[in-house]
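Listed below are the residues making up each chain.
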Amino acid sequence: MLRMIRFVHPVPMDGSSGMSSGLSGVSRERGFGRELRDAVTGRAALLVFGTLLLQFGFIVSYVGALHHPYPHRASIAVVAPAQVGDKLVAQLNALPKRELKARPVADEATARRQIRDQQVYSALLVDPSGSQDTLLVANARGPVLATAVQQVVSAAEARQHRTLTTEDLVPLASGDADGLSSFYLVVGWCVGGYLVASILGISAGARPANFSRALIRVGVLALYSVAAGIGGAVIIGPVLNALPGSILGLWGVGALLVFAVGVFTMALECLFGVVGIGLAVLVFVVLGNPSAGGVFPPPMIPPFWRVIGPWLPNGAATTVTRSIAYFGGTRITGPLLVLVVWAVLGTAVALVFTKLRPGGQTAKEMPLG
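Below you will find a few notes about this structure. (Residues numbered from 1 in each chain as written. Predicted model: local features only at pLDDT ≥ 70, side-chain atom pairs only at ≥ 80, totals over all residues. Heavy atoms only, no water.)

1. Description of the side chain of Thr265
Selection criterion: Helical segments are the DSSP runs of H or I of at least four residues, strand segments are the runs of E of at least two, and each set is numbered from the N terminus. Pairs of N or O atoms are called polar contacts if they sit within 3.5 Å, as long as, within protein, a hydrogen donor faces a hydrogen acceptor (for residues adjacent in sequence, only side-chain-to-side-chain pairs). Contacts: residue pairs with any heavy atoms within 4.5 Å of one another.
Relative to the assigned elements, Thr265 resides in helix H8 (residues 247-272). A distance of 2.8 Å separates a polar side-chain atom of Thr265 from the backbone oxygen of Val261. Once you skip the residues sitting within four places of it in the chain, Thr265 turns out to touch Tyr194, Ala197, Ser198, Ala280 and Phe284.

Here's what the structure looks like:
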């Protein structure tokens, strides 16, 4: 007898049909895909990837600039009798790693003046009547560099069977033991500058809706800069007793720095939208801080950072702040002009671009995708 065999589709225990279960699975997959696209849009994914690159840049810049400090052509004046002076200068300039950049000067008074005027980092005074020479340094320009120069010169003197004594011509203040107070003050001012510009952009649209609003933002930033400048100068001086020097001078450079950083960040936002904030971090944090000459003076950092440092607001302001605190404000014209150029350029770009292409959306109306 032939038996009839009937195939029956299994019935799920919950009573639902297999087909409906399959359809619901597809629906869930499609729902998850939609949720993923809504949660992380294409533009947001690009911004996340850009943030990753910025993070890697931060690591490369800081470690690259600061992980292996050594002096490179640090300027040193040499005071020695004519019969040995030229030979000694040539020997110091011919050191294998080119640590020093020596030049002869006429006398001790000239050497001391050049150190105080920041024309040279140190000076070697040769005693023709004895075997002990004197090295003049200025710890206020960076104690790490002063120590490194001392080690290099001591080794060179030992090869000539001579000894060396060191005199600190411009010592650090008691509240500035490591010589970093001026740099940290500049970092704080820079942070305030690009943060306030970022907040204004995020709260009301990266690009102002019209020229009048752009002027208002610049005005608000100017008022903030004045307050930030005086606040930083008072904290670093009378409150913490970390830096000597003119309060008015520090106030002025602080206000100019905060405004320059802030208005340039505003300009980047006008040009590139929210991406401009990331570009500001790249310029002022990733590149600006390690090249500023704060942790290590310029002769102690690699060539790339040594070249860009004086042209960025961080480096220019660190130089001016340190000069006001310790060197009577000498050699600050160039760095101040750098800050002025950044401020003028940022203001011009922000206002002109807003005039030509005013923003039409507020931050709440600007989608990331």
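2. Some words on the sheet that holds strand E3 (residues 122-125)
This is how the line gets drawn: Two strands pair if DSSP finds at least two bridges between them. Each axis is a line fitted through C-alpha atoms, taken for helices only over the stretch in contact, and angles between the N-to-C directions span 0 to 180 degrees.
Here five strands make up an open sheet; going across it, the order is E2-E1-E3-E4-E5 and the pairing mixed. Of all strands in the sheet, those bounded by a partner on one side alone are strand E2 (100-104) and strand E5 (163-168). On average, adjacent strands in this sheet sit at an angle of 25° to one another, irrespective of strand direction. The pairing of E3 with strand E4 (residues 132-137) spans four bridges and is classified as antiparallel. Paired with Leu124 across the bridge in E4 is Leu135. Each of strand E1 (74-79), E2, E3, E4 and E5 is contacted by helix H4 (residues 108-116), which is oriented at about 165° to E3, the strand it contacts most. Together, E1, E2, E3, E4 and E5 form the strand contacts of helix H5 (residues 143-159), whose direction differs from that of E5 by roughly 160°.

3. Some details on the pattern of salt bridges
The criterion, for reference: When a carboxyl oxygen of Asp or Glu is within 4 Å of a side-chain nitrogen of Lys or Arg, the pair counts as a salt bridge.
Scanning the entire structure with this criterion turns up four salt bridges. Close ionic contact of Glu167 with Arg112 constitutes a salt bridge, the shortest N to O distance being 3.0 Å. Note that Glu167 is positioned in strand E5 and Arg112 in helix H4, a separation of 55 residues in sequence. Note that Asp133 is salt-bridged to Arg162, the shortest N-O span being 2.7 Å.

4. So, the pairing of E2
In plain terms, the rule: Seen with the strands pointing away from the viewer, any crossover whose path from the first strand over the helix to the second strand runs clockwise is right-handed.
One ladder, built from five bridges, connects E1 with E2; its direction is parallel. By the bridge assignment, Val78 is partnered in E2 with Pro104. Running through helix H3 (residues 82-93), the crossover from E1 to the neighbouring parallel element E2 is right-handed.

5. Focus on the packing of H8 against helix H11 (residues 313-326)
Keep this limit in mind: Our angle categories are set so that under 35 degrees counts as roughly parallel, over 145 as roughly antiparallel, 65 to 115 as roughly perpendicular, and the remainder as oblique. Polarity classes work like this: nonpolar for Ala, Val, Leu, Ile, Met, Phe, Trp, Tyr, Cys and Pro, charged for Asp, Glu, Lys and Arg, and polar for all others, with Gly in that last group.
With their axes 10 Å apart at the nearest point, H8 and H11 run at an angle of 175° to one another. As far as their axial angle goes, H11 and H8 are roughly antiparallel. Of the residues in H11, those touching H8 at Gly249, Leu250, Val253, Leu257 and Val261 are Pro313, Ala317, Val320, Thr321 and Ile324. Here the residues of the contact of H8 with H11 are counted per class, giving eight nonpolar, two polar and no charged.

6. What about the pairing of E5?
Here six bridges tie E4 to E5, and the two strands are oriented parallel to one another. Considered in E5, the bridge of Leu136 is made with Glu167. In this fold, E4 hands off to H5, which returns the chain to E5; that crossover is right-handed.

7. Looking at unusual backbone geometry
Within the chain, Gln118 stands out as a residue other than glycine whose phi angle is a positive 60°. For Gln118, the location among the structural elements is in the loop between H4 and E3. Positive phi values are uncommon outside glycine, yet Asn241 reaches one of about 55°. Looking at the secondary structure, you find Asn241 in the loop between helix H7 (211-239) and H8.

8. Looking at the nonpolar core
Heads up, the rule is: Nonpolar core, defined: a set of buried Ala, Val, Leu, Ile, Met, Phe, Trp, Tyr and Cys residues in which side-chain atoms within 4.5 Å join the residues together. Think of it in three bands: residues with accessible area under 20% of the maximum for their type are buried, residues over 50% are exposed, and the middle band is partly exposed, with areas taken using a 1.4 Å probe on protein chains only.
If you look at the biggest cluster of nonpolar residues, it comprises 63 residues, and the most contacted ones within it are Leu257, Phe284, Tyr326 and Trp342. Ranked by residue count, the leading element in this core is H8, at 13 residues. Once residues lying within four places of it in the same chain are set aside, the contact partners of Leu257 are Val186, Trp189, Cys190, Pro313, Ala317 and Leu339. Within the second largest apolar cluster, 26 residues are counted, among which are Ala102, Leu135, Ala148 and Phe296.

9. Brief notes about H7
Quick reminder of the rule: Under the convention used throughout, the expected extent of a helix is 1.5 Å for every residue step, that is, one less than its residue count.
Taking 1.5 Å of rise per residue, 29 residues should cover 42 Å, and H7 covers 40 Å from first to last C-alpha, within 8% of that figure. Turning to H7, its buried residues are Ala214, Arg217, Val218, Leu221, Ser225, Ala228, Gly229, Gly232, Ala233, Ile236 and Gly237. On its buried face, H7 is in contact with helix H6 (181-204), H8 and helix H12 (333-356). Measuring from the backbone nitrogen of Ser212 back to the side-chain oxygen at the start of H7 gives 3.2 Å, which picks out Asn210 as the cap.

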